[in-house]
Amino acid sequence: MNDQAMPEHLEPPPRYAPPGKGGGAPKQCGSGPGVASIICALLVMPSMMVTIVPTMFVALFTRPDTGSNGREWMANFVFLSLPVALGLLAMILGFFALNRAPRRSSGWSAGIAGLIVVPAEFIIFFFPSIQRGQFDVFY
């Protein structure tokens, strides 16, 4: 038996490919969820423009002529359905990027940016209606 030969399964894997074979820097984990978090966060406001037409139809068909019928919440539900889903997805992906990416990497920074944009949009667009005490979008 040859004592100087190391078994193949104990050799550490190479970090880079041999010269001329491609390779490069190792892939950073977490940058994908961070970028997806920013994209979802930025799509929250345009998604409100997409849901405005179905919301108008729901408001038209669910509002009574006089009084209240208890279905006024349906227009708000349709209007906020897609933006809330995108905002939650942005938050989840942002937390995932924070947990997966190394600190101060590009994925970590993108996750932080996604986590900042969603609450900022909420404060800018919904805080005035909360201050007035009116939670209904169409009154």
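To be clear, the structure that these remarks concern was listed above.
Computed from a prediction, not measured in an experiment: that's the story for all the values here. (Residues numbered from 1 in each chain as written. Predicted model: local features only at pLDDT ≥ 70, side-chain atom pairs only at ≥ 80, totals over all residues. Heavy atoms only, no water.)

Colleague: Please set out the packing of aromatic side chains residue by residue, giving values where relevant.
Modeller: One pass over the full model with this rule turns up one aromatic pair. With a centroid separation of 6.3 Å and 70° between ring planes, the pair formed by Trp-73 and Phe-77 is classed as edge-to-face. With Trp-73 and Phe-77 both in helix α3 (residues 73-100) and four residues apart, the pair spans about one turn of that helix. (Phe/Tyr/Trp six-rings, centres within 6.5 Å; stacked < 30°, edge-to-face > 60°. Helix = DSSP H or I, 4+ residues; strand = E, 2+ residues; numbered from the N terminus.)

Colleague: Explain the environment of Ile-116 residue by residue, including any values.
Modeller: With respect to the element layout, Ile-116 can be found in helix α4 (residues 106-132). When its relative accessible area of 55% is taken as the criterion, Ile-116 is described as exposed. Sequence-wise, Ile-116 and Ile-38 are 78 residues apart; in three dimensions their C-alpha atoms are separated by 9.3 Å. (Buried < 20%, exposed > 50% of the residue type's maximum accessible area, 1.4 Å probe, protein only.)

Colleague: Account for the packing of helix α1 (residues 31-42) against α3, naming residues and giving values.
Modeller: Helix packing geometry: the angle between the two helix axes and the distance between the axes. Viewed as axis vectors pointing N to C, α1 and α3 meet at an angle of 160°, and their least axial separation amounts to 8 Å. Between α1 and α3, the angle falls in the class roughly antiparallel. Both α1 and α3 take part in a crossing whose hand is left-handed. Touching Pro-33, Gly-34, Ala-36, Ser-37, Cys-40 and Ala-41 of α1 are Leu-86, Leu-89, Ala-90, Leu-93, Gly-94, Phe-96 and Ala-97, all from α3. (Axes fitted to C-alpha atoms, helices over the stretch in contact; angles between N-to-C directions. Parallel < 35°, antiparallel > 145°, perpendicular 65-115°, else oblique. Left-handed = near helix turned anticlockwise from the far one by under 90°. Contact = heavy atoms within 4.5 Å.)

Colleague: Residues and numbers for the nonpolar core, please.
Modeller: Burial of nonpolar side chains together is a common tendency in soluble globular proteins. Cys-40, Ala-41, Val-44, Met-45, Met-48, Phe-79, Leu-86, Ala-90, Leu-93 and Val-118 together form the largest nonpolar core, which totals 10 residues. Listed by contribution, the elements that provide at least two residues to this core are α1, α2 (44-62) and α3. The biggest single contributor to this core is α3, with four residues. (Core = buried A, V, L, I, M, F, W, Y, C linked by side-chain atoms within 4.5 Å.)

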